[in-house]
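Reading the structure
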Amino acid sequence: MNSLVTILYDWPRVVSGYLGWAAPLAVRIVVGWVFLWTGWQKLSALPRMIENFREWGIPAPEILTPFVSGMEFVGGLMLLAGLLTRIVSVPMMIIMLVAIASAKWGDVDSLQTLLGFEEVSYFVMFAWLGIAGPGPISLDHLILKATRRNRPPSDYGA
């Protein structure tokens, strides 16, 4: 039984300890790339997007559409670089909540439907990045490492 526990629990834990940097990097690349381009597309078609925001019932669409589009574009860039990751994650989570409430809520007929929306998946990924941080392959990590020389590496996510 002890060898079974070793194989099924200890080995995967040890291996994953060496790959801890990969998960936050992969999530940052995926959501950063997606939102960089969706933000750019929205900025490129701003008049049409303003009309969409108006139809979805979002207040002040002339103000919020460029803000949200710009946040998606700049936030995507910042996530790709791993810069201010925890801070950028919060407005991105809010954008996902508003997208669900305004554009998708009418389609919700069950928990399965709600959880199947890609916006929910993005919300969860942003929440995870906000809590777990950007990982060691990020500008955040380099900045903290350079400015917090007297702290142990575990304090800045090494």
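Residues numbered from 1 in each chain as written. Predicted model: local features only at pLDDT ≥ 70, side-chain atom pairs only at ≥ 80, totals over all residues. Heavy atoms only, no water.

**Focus: the packing of aromatic side chains**
Our working definition: Ring geometry is summarised as follows: Phe, Tyr and Trp rings, the Trp one being its six-membered ring, pair when their centres sit within 6.5 Å, and such pairs are stacked at plane angles under 30 degrees, edge-to-face over 60 and tilted between the two. Exposure is judged per residue with a 1.4 Å probe applied to protein chains only, and the accessible area is read against the type maximum: over 50% gives exposed, under 20% gives buried, and values in between give partly exposed.
The final tally for this structure, using the stated rule, is five aromatic pairs. Note on Phe-53 and Trp-56: the rings are 5.7 Å apart at their centroids and 45 degrees apart in plane angle, and the pair reads as tilted. Residue Trp-56 is classed as partly exposed on the basis of its relative accessible area, which comes to 36%.

**Concerning the side chain of Ser-69**
For clarity, the cut-off: Per the convention used, a helix needs a DSSP run of H or I reaching at least four residues, while a strand needs a run of E reaching at least two, with both numbered from the N terminus. Residues adjacent in sequence count toward polar contacts only when both atoms are side-chain atoms; beyond that, a polar contact is any pair of N or O atoms within 3.5 Å, and within protein one must be able to donate a hydrogen and the other to accept it. Two residues qualify as a contact provided that any one of their heavy atoms is within 4.5 Å of a heavy atom in the partner residue.
Take Ser-69: it is sitting in helix α4 (residues 61-81). At 2.7 Å, the side chain of Ser-69 forms a polar contact with the backbone oxygen of Thr-65. Ignoring any residue separated from it by four or fewer positions in sequence, one finds Ser-69 in contact with Gly-39, Lys-42, Leu-43 and Leu-46.

**Section: the nonpolar core**
As a reminder of what qualifies: We define the nonpolar core as a collection of buried residues of types Ala, Val, Leu, Ile, Met, Phe, Trp, Tyr and Cys that are connected through side-chain atoms lying within 4.5 Å of one another.
With 19 residues, the main nonpolar core has Val-31, Phe-35, Met-92 and Phe-126 as its most contacted residues. Among the secondary structure elements, those contributing two or more residues to this core are α2 (22-44), α3 (46-55), α4, α5 (85-104) and α7 (118-132). Ranked by residues supplied to this core, first place goes to α5 with five residues. In this view, Phe-35 contacts Glu-72, Phe-73, Gly-76, Met-92, Met-96, Tyr-122 and Phe-126; residues no more than four positions away in its chain are not counted.

**Let's talk about the environment of Val-30**
Counting through the fold element by element, Val-30 comes out in helix α2. Judged by relative accessible area, which is 43%, Val-30 ranks as partly exposed. The spatial distance from the C-alpha of Val-30 to the C-alpha of Val-5 is 34 Å, given a sequence separation of 25 residues.

**Some points on the packing of α2 against α7**
Each pair of packed helices can be described by the angle between their axes along with the distance between the axes. Basically, it comes down to this: Inter-axis angles, ranging from 0 to 180 degrees, are taken between N-to-C directions of lines fitted to C-alpha atoms, where helices are fitted over the stretch in contact. Reported orientations rely on four angle classes, namely roughly parallel under 35 degrees, roughly antiparallel over 145, roughly perpendicular from 65 to 115, and oblique for the rest. Take the far helix as the reference: if the near one is turned anticlockwise from it by less than a right angle, the crossing is left-handed, and if turned clockwise, right-handed. As a working rule, the residues Ala, Val, Leu, Ile, Met, Phe, Trp, Tyr, Cys and Pro are called nonpolar, Asp, Glu, Lys and Arg charged, and the rest polar, with Gly in that last group.
Closest axis-to-axis distance for the α2/α7 pair is 10 Å, and the angle between their directions is 130 degrees. What the angle tells us is that α2 and α7 run oblique. Crossing handedness for the pair α2 and α7: left-handed. Contact residues: α2 offers Ala-23, Pro-24, Val-27, Arg-28, Val-31, Val-34 and Phe-35, while α7 offers Tyr-122, Met-125, Phe-126, Trp-128 and Leu-129. Its residues assigned to classes, the contact of α2 with α7 shows 11 nonpolar, no polar and one charged.

**A few points about a nonpolar patch on the surface**
Under the convention used in this document: A patch is a set of surface residues, each over 30% in relative accessible area and not in a salt bridge, joined within 9 Å for like charges and within 5 Å for the nonpolar side chains Val, Leu, Ile, Met, Phe, Trp and Tyr. To be clear on the numbers: accessible area is Shrake-Rupley with a 1.4 Å probe, and residue cover counts the displayed protein chains and nothing else. Criterion for a salt bridge: a side-chain nitrogen of Lys or Arg within 4 Å of a carboxyl oxygen of Asp or Glu.
Residues Met-1, Leu-4, Val-5, Ile-7, Leu-8, Tyr-9 and Trp-11 make up a contiguous nonpolar surface patch of about 800 Å² in total accessible area. Looking at the element boundaries, Tyr-9 is found in helix α1 (residues 2-18).

In short, shape yes, function no, at least from these values alone.
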